[in-house]
Amino acid sequence: MYDFAYHKPATVADAVKLLADPDAKAISGGHTLLPALKHRLNKPSALVDLSGIAELKGIRRAGNAIVIGALTRHVEVATSAEVKAAIPALAYLASHIGDVQVRNRGTLGGSVSNNDPAADYPAAVLGLGATIHTSSRKIAADDFFLGMFTTALEPNEILTAIEFPIVDKAGYAKMKNPASRYVMAGVFVSKSGGNVRVAVNGAGPCVFRQAEMEKALAANWSPEAVAGIKQAAGDLNTDIHGSAEYRAHLVTVMAKRAVAAAG
Amino acid sequence: MNVVAPFEGIGASVRRKEDFRFIQGRGAYTDDFNRQGQLHAWIVRSPHAHARIKGVDTSAAAKMPGVVAVFTGADMAKDNLGGLPCGWQIHNKDGSPMAEPPHPVLAVDKVRHVGDPVAVAIAATREQARDAAEAIAVDYEVLPAAATMADALKPGAPVIHDGVANNLCYDWHIGDKAVLDQAFAGAAKVVSLDLVNNRLIPNAMEPRAALGEFDRTTGDYTLTTTSQNPHVIRLLMGANVLHIPESKLRVVAPDVGGGFGSKIYHYAEEAIVTWSAGKLARPVKWTADRSESFMSDAHGRDHVSKAELALDANGKFLGLRVHTYANMGAYLSTFAPCVPTYLYATLLAGVYTTPVIYCEVKAVFTNTVPVDAYRGAGRPEATFLLERLMDVAAKETGIDRVDLRRRNFIPTDAFPYQTPVALQYDSGNYHATLDQALQSADWAGFEARRAEAAKRGKLRGIGCSTYLEACGIAPSAVVGSLGARAGLYEVGTIRVHPTGSVTVLTGSHSHGQGHETTFAQLVADRLGVPVAQVDVVHGDTAKVPFGMGTYGSRSLAVGGSAMVKAMDKIIAKGKRIAAHLMEASVDDIEFDRGTFRVAGTDRTKALVDISVAAYVPHNYPIDELEPGLEETAFYDPKNFTYPGGCHIAEVEIDPETGQVSVANFTAVDDVGRVINPMIVEGQVQGGVAQGIGQALLEACVYDADGQLLSGSMMDYTMPRADDLPPVSVATHTTLCTHNPLGVKGCGEVGAIGSPPAVINAVVDALRDFNVRSLDMPATPAKIWQIINGGRRMAAE
Ligand SMILES: Cc1cc2nc3c(=O)[nH]c(=O)nc-3n(C[C@H](O)[C@H](O)[C@H](O)COP(=O)(O)OP(=O)(O)OC[C@H]3O[C@@H](n4cnc5c(N)ncnc54)[C@H](O)[C@@H]3O)c2cc1C
């Protein structure tokens, strides 16, 4: 990697100040950023290590929601009694990210701000209709994920926590990319009263909602309701692991399985 | 001295001695060595598959912090260095030699694959060297690339090497075409199959590394390197590239973290660090990062073949015709030319009595990383072709696939058996390994398991392969006549120390195989010295007299046999010393596991009595015998060895996703005498893991411009633990008849027998979809396409 300055602020306010340098970068678990630095794909002037900021940590219940601090590691979400009781599908999702090492280092904030199209968390954030808390505002999930590796975050804006509403039912199913084990196609479904959300990750350049499936599930919450719905392949990814057509097919399969898992 | 505990000898599952250091993190790998004043090298590699080098500007790089030197191909040329040599010469059908274009250490006029080394920056730290390497400006004129064999053979294809017409390295054949054609003319049935044997990227856990040193006092060079065969590297690099005599060049291959073939070859980086250490009179180290490994370690396999099998009305094979294109990559790696010829076409009889075989092999240059031997080397390609063909032939003749194989097995009483493709098998029992595997896998009960799986919505299939391979390479005179530029004997020294402990020096090299244990067991078994008192030294040309190294499952069959010869010399000398000490005739001395005895008496001497006498020769037949107790032997094998057996895979397919999972795997192998059953089981397990990797997961993919798309672990699917089923490993032994241990070799059988078993099982699972040919790897996307296509056809 190239040389960089290193800062470890203790407050969000200090971190934001340090990130005023447009070439500085925040680092949380480092499981995405460090490999990129090692490959010299990134040349930040400074790394602003968020791991010393206490206010970014922790999982708490707030009314009808679970609020998870940005620095919370995947393993903590996966094993949290609170999350397991309130939104088991979210704990399940976290417990299936990467491998043990990844879950021990990677953070919710890092994953969601990075918005890798093949990452797991964005499906839960969009599929649950979560609210993203940042150093300066709150952003609805529907307004947050803008495109491949692109979010509504400003360069010096820090994701501080995510507020996940507690829903009646939620489920997640994914097909892994055989090589990277990231998501090849995944579907997160949730139902809260008459409100149904279906978020698709892995298959396209950015996580997205599947309106047709949402409608079908609102009318009939069952795997059969989505079994006949075909995802259009047009905008989906094609690579050496699978065609857009294959991914489109997987979206339907994973949607069925996610609904079945949600019960 | 105590008689050795018998459980340490041949047949005992002694725990691996070397694992104590490995599992405690005390292994010493090349990158672990750091010398005073050491510099670091970073190689500038071509980002293009094919380009002309119009200029290399190193001026900015040379001025960067910490930089000590920057060298280009032109600098090397000024020193009159040779290119990287090829160790095997194949001749074309017309008798002319193969095309053997130069392989410069650093590219001079052209680059020919992504990753081709162009220049080297040498600096105080690795990061500084990398910074400098980025500052080297190479002016490329990008040329059209031939990324596939089809592209390279097309009329008007880019010329990769001047003077190599049609990018053809050689056009070789074996067998009698006219006789074969007659056999086909009389056939009741001809079955043909097109096959691709997928290109693989080896990915040993330890990336390649090299550390060059130069001693200004003595003028001696030392290269520490990740090699399977340090003496071979000394020979190739010293004689061909750097022109350093053996006496001035030491090559050390310390602990090596896996090779699988990819660390046999002499690579550019070894020559670069050794040469620059001399120029700079400072140690120079290079360690590959994983991305470099993907684009610079020799790849494996990569065949495109057409196979045709002629059968009579009873399903007996009348003849086999094979046409194969073999990808050599951009340059000839050390042993590349022999892999698709003498390690492939000569295996096409397999375990069958096919009377006539003709095989033509065209080796092709492409703008890709060089291809060379990878675990199994040629035999997996032959086995995949034959065993897929068996299943297709069974289907098309209506004969049961197990029965078809049996009808054509070489009978158990037919050994030695001469095949029509040069090899003479010494021993084997193919019915026995098949029977044992069918039993162990409960082949007969499969349909019930299939029905049960169907209830769960899964497609279940079973497949077998009955395979044979040739290893324990090899008789020097034979391989010499086939084009090898080296002998393939092995060397062993047994040094019995004065107090009775033993040092073994072997020319074999262990990079995971467990030689330090298995070889110690040979000593325990023959000399009666406890395993704990036997040290096996390998991998250092300054310690070991000579050696050809480890590949082709040769270590035990050839290296172990050399040790046996040396031990027999020790015993013979020991008997003479014992006779002297016990005042008996030499002819009356018996030796058994550490004890010399006057026959028929209770008068004995332990080995340690003999070794003390040998090194403190006060009471000693000094007029007849030299003091000391150390013997060296060279062993040149009389034949290849022929392990074989039966592998059975059972798979389940999720028809919705196309995901294949291997439910269980059964291997019954005949590897000759088993020295350490636990190590054999481990070797087979590892080989099967690689075979399943090839069958289901691993695909090296280049795009049309010659860019490596599967250039990292993000896109190249290495098998992980959870991709693998429980593997049941058993052995059925027939002894090798021509080496003193009766051993055949077990290092590659797993990777050779397993891929067709897995693919046959996948095809069986897809019974209802009429699959005829299925190329590896059987990825979910590919399987889904078959299922989806099949469903569509059914619907139309
Ligand atoms: C081998 C491996 C396998 C993996 N498999 C998976 C998988 O299957 N599924 C999956 O979803 N992920 C996977 N990951 C990614 C892993 O989950 C990452 O750790 C995660 O995506 C990023 O979290 P991080 O804390 O490591 O972020 P970092 O690497 O520290 O940062 C990532 C990016 O986010 C920015 N950033 C970090 N924190 C904040 C913040 N609070 N506010 C604003 N910006 C911030 C950084 O500047 C950087 O650009 C894998 C990673 C590895 C190494």
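Residues numbered from 1 in each chain as written. Chains lettered and ligands numbered in written order. Predicted model: local features only at pLDDT ≥ 70, side-chain atom pairs only at ≥ 80, totals over all residues. Heavy atoms only, no water.

### A word on the overall build of chain B
Definition in use: Put simply, DSSP H or I for four residues or longer makes a helix, DSSP E for two residues or longer makes a strand, and each gets a number counted from the N terminus. For every residue, the accessible area obtained with a 1.4 Å probe (protein chains only) is divided by the maximum for its type, and the residue is called buried under 20%, exposed over 50%, and partly exposed between those limits. Any two residues whose heavy atoms approach within 4.5 Å are treated as being in contact. In these tables, accessible area is a Shrake-Rupley quantity obtained with a 1.4 Å probe, and a residue counts as shielded only by the protein chains included in the view. Charged residues are defined narrowly, with Lys and Arg counted positive, Asp and Glu counted negative, and His plus the chain ends left uncounted. To locate a charge, the coordinates of NZ of Lys, CZ of Arg, CG of Asp or CD of Glu are taken.
Assigned secondary structure in chain B consists of 20 helices and 28 strands. Overall, chain B is about 95 × 75 × 55 Å in size when its C-alpha atoms are taken along their principal axes. Taking all 796 residues of chain B together, 62% fall into the buried category. Put simply, 80% of the contacts in chain B that link residues at least 6 apart link residues at least 24 apart. As displayed, chain B offers around 27600 Å² of accessible surface, 52% of which is attributable to carbon and sulfur atoms. Within chain B, one finds 72 positive and 89 negative side-chain charges whose respective centroids are separated by 1 Å.

### Concerning the pattern of salt bridges
Formally: By definition, a salt bridge exists where a carboxyl oxygen of Asp or Glu is found within 4 Å of a side-chain nitrogen of Lys or Arg.
Under the criterion given, the structure shown has 62 salt bridges over all chains. The partner of Asp722 of chain B in a salt bridge is Arg181 of chain A, with the nearest N and O atoms 2.8 Å apart. Pair noted here: Asp722 of chain B is in the loop between helix H18 (677–697) and strand E28 (727–731) and Arg181 of chain A is in the loop between strand E11 (169–176) and strand E12 (183–192), and the two residues belong to different chains. With a relative accessible area of 18%, Arg181 of chain A lands in the buried category. In this structure, Arg35 of chain B engages Glu213 of chain B in a salt bridge whose closest nitrogen and oxygen atoms are separated by 3.1 Å. Of the two residues, Arg35 of chain B sits in the loop between helix H1 (19–23) and strand E1 (39–45) while Glu213 of chain B sits in strand E9 (residues 209–215), which places them 178 residues apart along the sequence. Salt bridges sharing partners connect three or more residues here, namely Glu387, Asp391, Arg401, Arg405, Glu447, Asp764 and Arg767 of chain B.

### Thoughts on the site of the ligand
All names here are of chain A. We apply this condition: Throughout, the term near means that a residue has one or more heavy atoms lying within 4 Å of the molecule or strand in question. Residues adjacent in sequence count toward polar contacts only when both atoms are side-chain atoms; beyond that, a polar contact is any pair of N or O atoms within 3.5 Å, and within protein one must be able to donate a hydrogen and the other to accept it.
Around the ligand there are 27 residues in total, and Ala26, Ser28, Gly29, Leu33 and Thr107 lie nearest to it. At 2.8 Å, a backbone N or O of His31 approaches an oxygen atom of the ligand. Separating an oxygen atom of the ligand from a side-chain N or O atom of His74 is a distance of 2.8 Å. Starting from 960 Å² of accessible surface for the ligand in isolation, the protein chains cover 89%. Of all the secondary-structure elements, those providing two or more residues to the shell around the ligand are strand E2 (24–27) and helix H7 (108–114).

### Considering helix H10 (residues 379–397) of chain B
Residue and element names in this part refer to chain B. Rules: One less than the number of residues in a helix, times 1.5 Å, gives the span that helix is expected to have.
The first and last C-alpha atoms of H10 sit 26 Å apart over 19 residues, in line with the 27 Å expected at 1.5 Å per residue. Within H10, 16 of the 19 residues are buried, leaving the element largely enclosed by the surrounding structure. Phi turns positive one or two residues past the end of H10, at Gly398, with a value near 80 degrees.

### Side note on the UniProt feature "domain: FAD-binding PCMH-type" (unreviewed entry) in chain A
Note the following rule: UniProt positions are given in the numbering used here, feature names are shortened, and annotations may be inferred rather than shown by experiment.
According to UniProt, the "domain: FAD-binding PCMH-type" (unreviewed entry) feature falls on residues 1–169 of chain A. Secondary structure content for residues 1–169 of chain A is 34% helix and 24% strand, while the C-alpha to C-alpha distance between its ends is 45 Å.

### So, the domain arrangement of chain B
What counts, and what does not: Throughout the structure description, domain borders are defined by an automatic or database domain assignment.
On domain assignment, one finds that chain B holds domain 1 (33–143 + 206–296), domain 2 (145–199 + 299–409) and domain 3 (489–635). Between domain 2 of chain B and domain 3 of chain B, the C-alpha centre-to-centre distance is 45 Å.

### Considering the pairing of strand E25 (residues 630–635) of chain B
Residue and element names in this part refer to chain B. The condition that has to hold: Criterion used throughout: strands pair if DSSP finds at least two bridges between them.
Side chains of E25 alternate between two faces, with Glu631, Ala633 and Tyr635 buried and Glu630, Thr632 and Phe634 left unburied. Pairing of strand E19 (residues 490–496) with E25 involves six bridges; the strand directions are antiparallel. Each bridged residue has a counterpart across the sheet, and for Glu490 the counterpart in E25 is Tyr635.

### Topic: the packing of helix H16 (residues 555–581) of chain B against helix H17 (residues 607–615) of chain B
Residues and elements named next belong to chain B. Condition: Here, axes are lines fitted to C-alpha atoms. For helices the fit covers the stretch in contact, and angles between N-to-C directions go from 0 to 180 degrees. Any angle that falls under 35 degrees is termed roughly parallel, while one over 145 is termed roughly antiparallel, one within 65 to 115 roughly perpendicular, and all others oblique. Classes in brief: Ala, Val, Leu, Ile, Met, Phe, Trp, Tyr, Cys and Pro nonpolar; Asp, Glu, Lys and Arg charged; the others, Gly included, polar.
Running from N to C, H16 and H17 cross one another at 90 degrees; their axes reach a closest spacing of 10 Å. As judged from the angle between their axes, H16 and H17 are roughly perpendicular. Of H17, the residues touching H16 (which contributes Gly574, Ile577, Ala578 and Leu581) are Asp609, Ile610, Ala613 and Ala614. Counted by class, the contact of H16 with H17 contains six nonpolar, one polar and one charged residues.

### Points about the sheet that holds strand E24 (residues 604–606) of chain B
Strands in a sheet are paired, the pairing made by backbone hydrogen bonds, and the direction either parallel or antiparallel. Residues and elements named next belong to chain B. What the three strands build is an open sheet, ordered E22-E23-E24; its pairing is antiparallel. Single-partner strands in this sheet number two, and they are strand E22 (589–592) and E24. This sheet shows a mean twist of 20 degrees between the axes of neighbouring strands, independent of strand direction. The pairing of E22 with strand E23 (residues 595–598) spans four bridges and is classified as antiparallel.

### Quick word on the side chain of Thr518 of chain B
Mapped onto the elements of the fold, Thr518 of chain B is located in helix H15 (residues 515–527). Setting aside residues up to four positions removed in sequence, Thr518 of chain B forms contacts with Leu556, Ile675, Asn676 and Ile679 of chain B.

### Details of empty space enclosed by the protein
Residues and elements named next belong to chain B. Applied cut-off: The distinction between a cavity and a pocket rests on a 1 Å grid over the protein atoms alone: a 1.4 Å probe fits inside a cavity but cannot get out, while a pocket stays open yet meets protein on both sides within 12 Å along at least five of seven lines, and a residue with an atom within 4 Å of a point counts as lining. Grid points are joined across faces, edges and corners, and a volume is the space filled by probe spheres set on the points.
Within the structure shown, the criterion is met by eight cavities of 30 Å³ or more. Here the largest cavity is characterised by a volume of approximately 200 Å³. Across the lining of the largest cavity, the residue classes break down as eleven nonpolar, seven polar and five charged. Two domains each put at least three residues into the lining of the largest cavity: domain 1 (33–143 + 206–296) and domain 2 (145–199 + 299–409).

### A short note on H15 of chain B
Residues and elements named next belong to chain B. The terminal C-alpha atoms of H15 lie 17 Å apart, and with 13 residues this matches the ideal 18 Å at 1.5 Å per residue to within 8%. Most of H15 is tucked away: twelve of the 13 residues are buried. Those residues of H15 that sit buried are His515, Glu516, Thr517, Thr518, Phe519, Ala520, Gln521, Leu522, Val523, Ala524, Asp525 and Leu527. The positive-phi residue at the C-terminal boundary of H15 is Gly528, with phi of around 75 degrees.

### A few points about unusual backbone geometry
Residue and element names in this part refer to chain B. Residue Phe415 is joined to Pro416 through a cis peptide bond whose omega torsion reads -5 degrees. Tracing the backbone through its elements, the reader meets Pro416 in the loop between helix H11 (401–408) and strand E16 (417–418). In this structure, the amide linkage connecting Ile473 to the following residue, Ala474, adopts the cis form with an omega of -10 degrees. In this structure, Asn166 takes a positive phi of about 55 degrees despite not being glycine. Here Asn166 shows up in the loop between helix H5 (149–153) and strand E7 (168–174). We classify Asn166 as exposed; its relative accessible area is 56%.

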